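Listed below are the residues making up each chain.
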Amino acid sequence: MALNYHQLHIFYTVAQRGSFSVAAQALHMTQPAVTMQIQSLEDYFGSKLLVRSTKKIELTEAGETLLPFARQSMELIRETEQAMSSFTFMLEGRLQLGASLTIGEYVLPRLLGPFGRQYPQISIMLKVMNTTQIVEEIVNHQLNFGLVEAPVHHPDLVFEAVMEDELKLIVPTGHPLAGRRQVGIEEVMSYPFVLREKGSGTRQVMEEELERRGIDPTRMKTVMELGSTGAVKSAVEAGFGLTLISPSSVKHEVALGLVEILDIKDISFKRQFYSIHLKSTLLPVSAVTFLTFLREHKLLP
């Protein structure tokens, strides 16, 4: 018997999941088939790799030694497939991903066109929904991966920063601050604000940066809290207040002369956008290609 990647992948998945049945579901295999492959791997090395009990599975010393090599083999296969994809036409297929509101509605649309022209063999199915829904569908193998506005801490998922964004001050045309490139934070705080709801990624970034600068966010004269970026934009256009959101979401409004984008002096509201996917499943080459494309096309000018 020769050592093969498939068995290492199964071993790694069982070790990560801590259960033969859960690993079998993730791998789309029967539990007896998973057990048989682990036994074959143990026979090959002549050593037990997993200690099985009714409650959980633990790695033996041999299993602990093998685990990092199994992980490296998975990464090497992924890198090899990506390097050879242009020769073997592996970049064909359907890519299913989920994206949170700001990313899905305002960031990705302007990148999907250039990506499609560069990789016409890949078709993308994009679902825009909240982070909780994205996590659920990834765990249930309904999506390859997701793009979210904050790190996700889940035992079955890994996250990685792939893009950078920055919140800017948005003011309606005709506002006393309009026409200026930069304003001070104290002057800004004297005006009413329309903000995303508490708990949103945008609101969290804004409040954390203000607190880091020693500024109490509750000092802001918040006249509205709204559940979508679109609603916030409409309220700002109508003159209800200022806001802090991604410039990507107001490109159309700026072009029409409805709002203006300003900098706040000495304060930068930068944030990362993250990709998330299952630990136990290798991303398809099409997904790796798309994420590489996103990293190369920075959001910030």
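The structure displayed is predicted, hence computed values, not measured ones.

Participant: Account for the nonpolar core, with residues named and values stated.
Facilitator: By size, the foremost hydrophobic cluster in this structure holds 22 residues, and its most contacted members are Ile103, Leu108, Phe145, Leu147, Met163, Phe290 and Leu294. Elements with a minimum of two residues in this core: strand S3 (93-99), helix H5 (101-107), helix H6 (109-118), strand S5 (145-148), strand S6 (157-172) and helix H12 (285-296). Among the elements that line this core, the one with the most residues is H12, at six residues. When sequence neighbours within four positions are dropped, the list of residues in contact with Phe290 reads Leu95, Leu97, Leu108, Leu112, Phe115, Ile124, Phe145 and Leu147.

Participant: Quick one: what's the story with the packing of aromatic side chains, residue by residue and with numbers?
Facilitator: With the rule as written, the count across this model stands at six aromatic pairs. Taking the centre distance of 6.3 Å and the plane angle of 50° together, the rings of Phe145 and Phe290 count as tilted. Taken together, the positions of Phe145 in strand S5 and Phe290 in helix H12 put the pair 145 residues apart, joining distant regions of the chain. Under the relative-accessibility criterion, Phe145 is labelled buried at 0%. The interplanar angle of 80° and the centroid separation of 5.6 Å between the aromatic rings of Phe159 and Tyr274 together place this pair among those described as edge-to-face. A residue pair is termed long-range when its members are at least 10 positions apart, and Phe159 in strand S6 and Tyr274 in strand S12 (residues 269-278) qualify at 115 residues. In this structure Phe159 comes out as partly exposed when scored by relative accessible area, which is 36%. By the ring-pair criterion, three or more aromatic residues cluster together here, those being Phe115, Tyr119, Phe145, Phe290 and Phe293.

Quick notes on the rules
Residues numbered from 1 in each chain as written. Predicted model: local features only at pLDDT ≥ 70, side-chain atom pairs only at ≥ 80, totals over all residues. Heavy atoms only, no water. Core = buried A, V, L, I, M, F, W, Y, C linked by side-chain atoms within 4.5 Å. Buried < 20%, exposed > 50% of the residue type's maximum accessible area, 1.4 Å probe, protein only. Helix = DSSP H or I, 4+ residues; strand = E, 2+ residues; numbered from the N terminus. Contact = heavy atoms within 4.5 Å. Phe/Tyr/Trp six-rings, centres within 6.5 Å; stacked < 30°, edge-to-face > 60°.

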